[in-house]
Amino acid sequence: VDEERDRATIVLFSGDLDRVLAAFNIAVAAASMGMETEIFFTFWGLNVISSGRRVHPPSRPLQRMMQLVNRGGVKRLRLSRLHMMGAGTEAMKRLMKEMRLPSMEEMISLSKDLGVRFIACTTTMGLMGMKREDLLPEVDELAGAATYVEKASRSKVNLFI
Amino acid sequence: VDEERDRATIVLFSGDLDRVLAAFNIAVAAASMGMETEIFFTFWGLNVISSGRRVHPPSRPLQRMMQLVNRGGVKRLRLSRLHMMGAGTEAMKRLMKEMRLPSMEEMISLSKDLGVRFIACTTTMGLMGMKREDLLPEVDELAGAATYVEKASRSKVNLFI
Amino acid sequence: VDEERDRATIVLFSGDLDRVLAAFNIAVAAASMGMETEIFFTFWGLNVISSGRRVHPPSRPLQRMMQLVNRGGVKRLRLSRLHMMGAGTEAMKRLMKEMRLPSMEEMISLSKDLGVRFIACTTTMGLMGMKREDLLPEVDELAGAATYVEKASRSKVNLFI
């Protein structure tokens, strides 16, 4: 029976705040309409579901270096344009609050309440030396590209963001 | 009967000239082939369908600040790479003209002539303090993410650009 | 009978190393699962399948200028973030090698071995003054947006990367 619900599958490759917001807006809308909705977090998108502090520092020097220059955590996401050393991103967050739009933290809980599934890409995790404990508890599954493609081929809406 | 035509639905999130050109090339090709084609303009993509002069300046200081640093209008779109303070974008536009490719202004009329529908995202409009009068007359509809998802779930081709 | 296999069609617009890697990971997974998989290379994505040395220098001055600032070839691809004048991109490539992940050159042969078809966008080629001889021999077809849309409308998975 589950197969009969329409599915939406979003690859979230980007870690730019504006693109991440767009992805979650679409995911929340799809889940609200009863679609089986999944977000597959890969590459910079993993920053969204990273806890922001690494429980186990990665073993390889290159991974530790990458971690230093690319610290994860939803609070650290930046706009793709007009970041302006943080001022633009801060202004956008304040404006969203003034307009009573949900923050990214609220979008994450809202999407989970609506049943959106979070899948973390194992290839990127391996590359960056990340473990399950480095991710938010909200993550439902760790999987690779084959799992993604299998899900995508059964989805009505497929997006790469 | 309308339901029986194939549909293409493009989210145009980006305001980069090169990505916008790609989106319109695909939309024009889809509409030429008889597909029911819609572009859903959101976030920086709204710059494409913004008239470029704001009839009503937005009410909030943060919105006025955003407007100053992110002036819309199709003539102000920049390449995502090689903008080079305007020189690269200008060179690309000149080259397109030399090669007799349509300019973005021409792509907009061409796509409208072929029946491509333009939908503006109400969430971004609210965030930026934009009103219907700030957009080109070519815009057919204002709608939110739920309308987009409903259309996307009935489309054969869904892209996020 | 060919029509009965599921299809995946990826537009590769980007020439960023990270996005290109994501596109090839998905293409390789789709082809491994028996899907008819095609990558349509357009705009900066043409850099991936450019041989990196132009056999015939383009005729127009603006095209020669573009070629100077946008030299193609898979070895020249850069990360979209953390390129850091080359150091970040180099570190990522070294890390991929340490982790025994295939390099982009290996991804290209792997995808061809699995039957992924490479299509080069004729509009961008014309704009940039590129000829068939400027592309890798692995390219299967030159085509425009109409061919792409026709293929996309028969595909289960459509992505714009």
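Because the structure is a prediction, the values reported are computed rather than measured. (Residues numbered from 1 in each chain as written. Chains lettered and ligands numbered in written order. Predicted model: local features only at pLDDT ≥ 70, side-chain atom pairs only at ≥ 80, totals over all residues. Heavy atoms only, no water.)

Visitor: So what about the overall build of chain A? Which residues, and what values?
Guide: Each helix and strand counted, chain A has seven helices and five strands in total. Listed N to C, the secondary structure of chain A is β-α-β-α-α-α-α-β-α-β-α-β in terms of helices and strands. Taken over C-alpha atoms, the radius of gyration comes to 16 Å for chain A, in line with the 15 Å a tight globule of 161 residues would show. Each of the three principal axes of chain A carries a C-alpha extent, and together these read 45 × 40 × 25 Å. (Helix = DSSP H or I, 4+ residues; strand = E, 2+ residues; numbered from the N terminus. Rg over C-alpha atoms; globule rule 2.2 N^0.38 Å.)

Visitor: Could you give an account of helix H3 (residues 61-69) of chain B, with specific residues and numbers?
Guide: Residues and elements named next belong to chain B. Every buried residue belonging to H3 is among Leu-62, Gln-63 and Met-66, and all of these are buried. All buried residues of H3 fall inside an arc of 100° around its axis, so they share one side. With respect to the buried face of H3, the exposed residues turned more than 90 degrees away are Pro-61 and Leu-68. (Buried < 20%, exposed > 50% of the residue type's maximum accessible area, 1.4 Å probe, protein only. Arc of directions from axis to C-beta.)

Visitor: How would you explain the relation of the copies chain C and chain B if you had to name every residue and give the values?
Guide: Taken as rigid bodies, chain C and chain B are interconverted by a rotation of 120° and an axial shift of 0.0 Å, the fit giving an RMSD of 0.0 Å. When the rotation and shift are considered jointly, the pair of chain copies conforms to a three-fold rotation axis. (Least-squares fit on C-alpha atoms with pLDDT ≥ 70 in both.)

Visitor: Please provide a residue-by-residue account of the nonpolar core, values included.
Guide: Where a protein is soluble and globular, its nonpolar side chains tend to be buried together. In this structure, Phe-24 of chain A, Phe-24 of chain B together with Phe-24 of chain C are the most contacted members of the largest nonpolar core, which totals 174 residues. If we skip the residues at most four places from it in the chain, Phe-24 of chain C touches Leu-12, Ile-39, Phe-41, Val-48, Met-104, Met-107, Ile-108, Ser-111 and Phe-118 of chain C. (Core = buried A, V, L, I, M, F, W, Y, C linked by side-chain atoms within 4.5 Å. Contact = heavy atoms within 4.5 Å.)

Visitor: Tell me what's going on with the relation of the copies chain C and chain A, and back it up with residues and numbers.
Guide: Least-squares fitting of chain C to chain A yields an RMSD of 0.0 Å, with the transformation described by 0.0 Å of translation along the axis and a rotation of 120°. Comparing contact sets, just 10% of the residues at the interface of chain C also lie at the interface in chain A, consistent with a heterologous contact between different surfaces.

Visitor: I'd like to hear about the interface of chain C and chain A, residue by residue, with values.
Guide: By convention, interface size is frequently given as the accessible area that disappears when the constituent parts associate. If you look at the interface, chain C gives 29 residues, while chain A gives 29 residues. Carbon and sulfur atoms make up 75% of the area that chain C and chain A hide from each other, which totals about 2,600 Å². Summed over the shared surface of chain C and chain A, the result is one salt bridge. Note that Glu-98 of chain C is salt-bridged to Arg-60 of chain A, the shortest N-O span being 3.0 Å. (Buried area = accessible area lost by both parts, 1.4 Å probe. Salt bridge = Lys/Arg side-chain N within 4 Å of Asp/Glu carboxyl O.)

Visitor: Let's hear about the environment of Asp-134 of chain A: which residues, and what values?
Guide: Residues and elements named next belong to chain A. If you trace the backbone, Asp-134 turns up in the loop between helix H6 (122-128) and strand S4 (141-143). Owing to a relative accessible area of 0%, Asp-134 belongs among the buried residues under this scheme. Spatially, the C-alpha atoms of Asp-134 and Leu-21 are 22 Å apart, while their sequence positions differ by 113 residues. If we skip the residues at most four places from it in the chain, Asp-134 touches Ile-49, Ser-50, Ser-51, Arg-53, Arg-54, Val-55, His-56 and Gly-129. Within the local environment of Asp-134, its side chain forms a polar contact with the backbone nitrogen of Lys-131, the two atoms lying 2.7 Å apart. (Polar contact = N/O pair within 3.5 Å; in protein donor to acceptor, adjacent residues only side chain to side chain.)

Visitor: Summarise unusual backbone geometry; cite the residues concerned and give the values.
Guide: Residues and elements named next belong to chain A. Phi at Leu-82 takes a positive value of approximately 60°, unusual for a residue other than glycine. Here Leu-82 shows up in the loop between helix H3 (61-69) and helix H4 (87-98). Phi is positive for Arg-100, close to 60°, though the residue is something other than glycine. Assignment of secondary structure puts Arg-100 in the loop between H4 and helix H5 (104-113).

Visitor: Run through the pattern of salt bridges, naming residues and quoting values.
Guide: Scanning all chains against the criterion turns up 33 salt bridges over all chains. Salt-bridge contacts for Arg-7 of chain B lead to Glu-38 of chain B; the nearest nitrogen and oxygen are separated by 3.8 Å. Of this pair, Arg-7 of chain B sits in strand S1 (residues 7-12) while Glu-38 of chain B sits in strand S2 (residues 36-41), and the two are 31 residues apart along the sequence. Given a relative accessible area of 7%, Arg-7 of chain B falls into the buried group. What emerges from the salt-bridge pattern is a single network uniting Arg-7, Glu-38, Arg-117, Glu-141 and Lys-151 of chain A.

Visitor: Lay out the packing of aromatic side chains with the relevant residues and their values.
Guide: All chains considered together, the criterion is met by 21 aromatic pairs over all chains. Between Phe-24 of chain C and Phe-118 of chain C, the ring centres sit 5.9 Å apart and the planes meet at 90°, which makes this aromatic pair edge-to-face. Here Phe-24 of chain C is found in helix H1 (residues 17-32), whereas its partner Phe-118 of chain C is found in strand S3 (residues 117-121), with 94 residues between them in sequence. Comparing Phe-24 of chain C with Phe-118 of chain C shows no difference in burial state: the two are buried. The ring of Trp-44 of chain C carries Arg-81 of chain B above its face, with NZ or CZ at 5.1 Å from the centroid. (Phe/Tyr/Trp six-rings, centres within 6.5 Å; stacked < 30°, edge-to-face > 60°. Lys NZ or Arg CZ within 6 Å of the ring centre and 35° of its normal.)

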